[in-house]
Amino acid sequence: MESRDQLFQQLLAEHSGGVSRVAATYARGIGEREDLTQEIWLAVWRALPAFRGEASLKTFVYRIAHNRSVSALVRRHPPGDALQDAEEPEDPTPGPAQQYAALRDAQSLLAAVQKLPLGLRQTLSLRLEGLSYEEIAEVLGVSESNVAVRLNRARQRLSARLTRDE
């Protein structure tokens with residue numbers, strides 16, 4: 001049987017990128033994302049002894065990530081400029097014009113995702129992390145058909161918002 005430290009290190013190695021991306025969909029800037037990510041991993045550490053194996057470790061981590069993210073939304077002050085601290089893409093090959101266009105597109109997409117209703121945002125961010133409909137349903141406590149409906153609505157709203165913003 002793995003120790004708590006070993007299991008935690010395994011979870012960090014396997015899911016740190018995904019947890020950071022989930023936090024980014026709720027945070028208004030880089031610093032807030034880093035704080036939320038740290039809060040999520042602390043919650044995972046504290047919850048590990050209570051893990052009973054009724055769900056996969058992946059859904060266990062993402063459920064905690066989403067619960068902590070929603071809690072952060074409730075504690076947060078009214079949103080300011082969601083694009084203020086957006087990161088630039090790290091691809092050095094495109095020229096300045098392409099970099100600017102990619103940054104603008106990424107900022108628009110992140111802003112559009114952040115404006116989705118909570119249920120749609122949760123479902124979409126989990127799907128973008130590669131979770132199956134079944135896993136998303138388990139994390140969010142909804143049916144698989146509800147996951148499909150939420151994803152469809154999220155795509156429609158994102159498409160409409162991004163088309164309108166162009």
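Worth saying up front: this structure is predicted, and the values here are computed from it rather than measured.

Participant: I'd like to hear about the overall build of the chain, residue by residue, with values.
Facilitator: A count of helices and strands for the chain gives seven helices and zero strands. Overall, the chain shows an N-to-C arrangement of helices and strands of α-α-α-α-α-α-α. Per-residue burial for the chain yields a buried fraction of 33% across its 166 residues. Across the chain, every contact between residues at least 6 apart in sequence was considered, and the portion connecting residues at least 24 apart equals 69%. If you sum the accessible surface of the chain, you get close to 9,900 Å²; carbon and sulfur atoms cover 50% of it.

Participant: Tell me about the environment of Asp-105, residues and numbers included.
Facilitator: Assignment of secondary structure puts Asp-105 in helix 4 (residues 96-114). Looking at Asp-105, the relative accessible area reads 47%, which means it is partly exposed. Separated by 57 residues in the primary sequence, Asp-105 and Leu-162 place their C-alpha atoms 9.2 Å from one another.

Participant: Provide a residue-level description of the pattern of salt bridges, including the pertinent values.
Facilitator: Enumeration according to the criterion identifies five salt bridges in this entry. Across the pair Arg-28 and Glu-32 runs a salt bridge whose closest N-O atoms are separated by 3.3 Å. When its relative accessible area of 21% is taken as the criterion, Arg-28 is described as partly exposed. Here Glu-32 falls in the partly exposed class, since its relative accessible area comes to 28%. Taking the shortest distance from any N to any O, the salt bridge between Glu-39 and Arg-68 comes out at 3.7 Å. Remark: Arg-68 occurs in helix 3 (residues 57-75) and Glu-39 occurs in helix 2 (residues 30-47); sequence separation between them is 29 residues. Classification of Glu-39 by relative accessible area gives partly exposed; the value is 22%. Given a relative accessible area of 34%, Arg-68 falls into the partly exposed group.

Participant: Which residues make up the side chain of Thr-59, and what values go with them?
Facilitator: Considering the arrangement of structural elements, one finds Thr-59 in helix 3. Accessibility expressed as a relative area gives 2% for Thr-59, which makes it buried. Separated by 3.0 Å, the side chain of Thr-59 and the backbone oxygen of Ser-56 make a polar contact. With residues near it in sequence (within four places) discarded, Thr-59 still touches Glu-135, Glu-138 and Val-139.

Participant: Describe in detail the packing of helix 5 (residues 118-128) against helix 6 (residues 133-140), supporting the description with residues and values.
Facilitator: Contact pair helix 5 / helix 6: the axes reach a minimum separation of 10 Å and the direction vectors enclose 135 degrees. What the angle tells us is that helix 5 and helix 6 run oblique. Crossing angle aside, the handedness with which helix 5 passes helix 6 is right-handed. Here Gln-122, Thr-123, Leu-126 and Arg-127 of helix 5 lie close against helix 6, whose contacting residues are Tyr-133, Ile-136, Val-139 and Leu-140.

Participant: Tell me about the side chain of Arg-121, and name the residues and values.
Facilitator: Here Arg-121 shows up in helix 5. No salt bridge is formed by the buried Arg-121; the nearest opposite charge belongs to Glu-32, separated by 8.7 Å. Those residues in contact with Arg-121 that lie beyond four places of it in its chain are Thr-25, Tyr-26, Leu-73, Val-113, Gln-114 and Leu-116.

What counts, and at which threshold
- Residues numbered from 1 in each chain as written.
- Predicted model: local features only at pLDDT ≥ 70, side-chain atom pairs only at ≥ 80, totals over all residues.
- Heavy atoms only, no water.
- Helix = DSSP H or I, 4+ residues; strand = E, 2+ residues; numbered from the N terminus.
- Buried < 20%, exposed > 50% of the residue type's maximum accessible area, 1.4 Å probe, protein only.
- Contact = heavy atoms within 4.5 Å.
- Areas by Shrake-Rupley, 256 points an atom, 1.4 Å probe, with all protein chains shown as cover.
- Salt bridge = Lys/Arg side-chain N within 4 Å of Asp/Glu carboxyl O.
- Polar contact = N/O pair within 3.5 Å; in protein donor to acceptor, adjacent residues only side chain to side chain.
- Axes fitted to C-alpha atoms, helices over the stretch in contact; angles between N-to-C directions.
- Parallel < 35°, antiparallel > 145°, perpendicular 65-115°, else oblique.
- Left-handed = near helix turned anticlockwise from the far one by under 90°.
- Lys, Arg positive; Asp, Glu negative; His and termini not counted.

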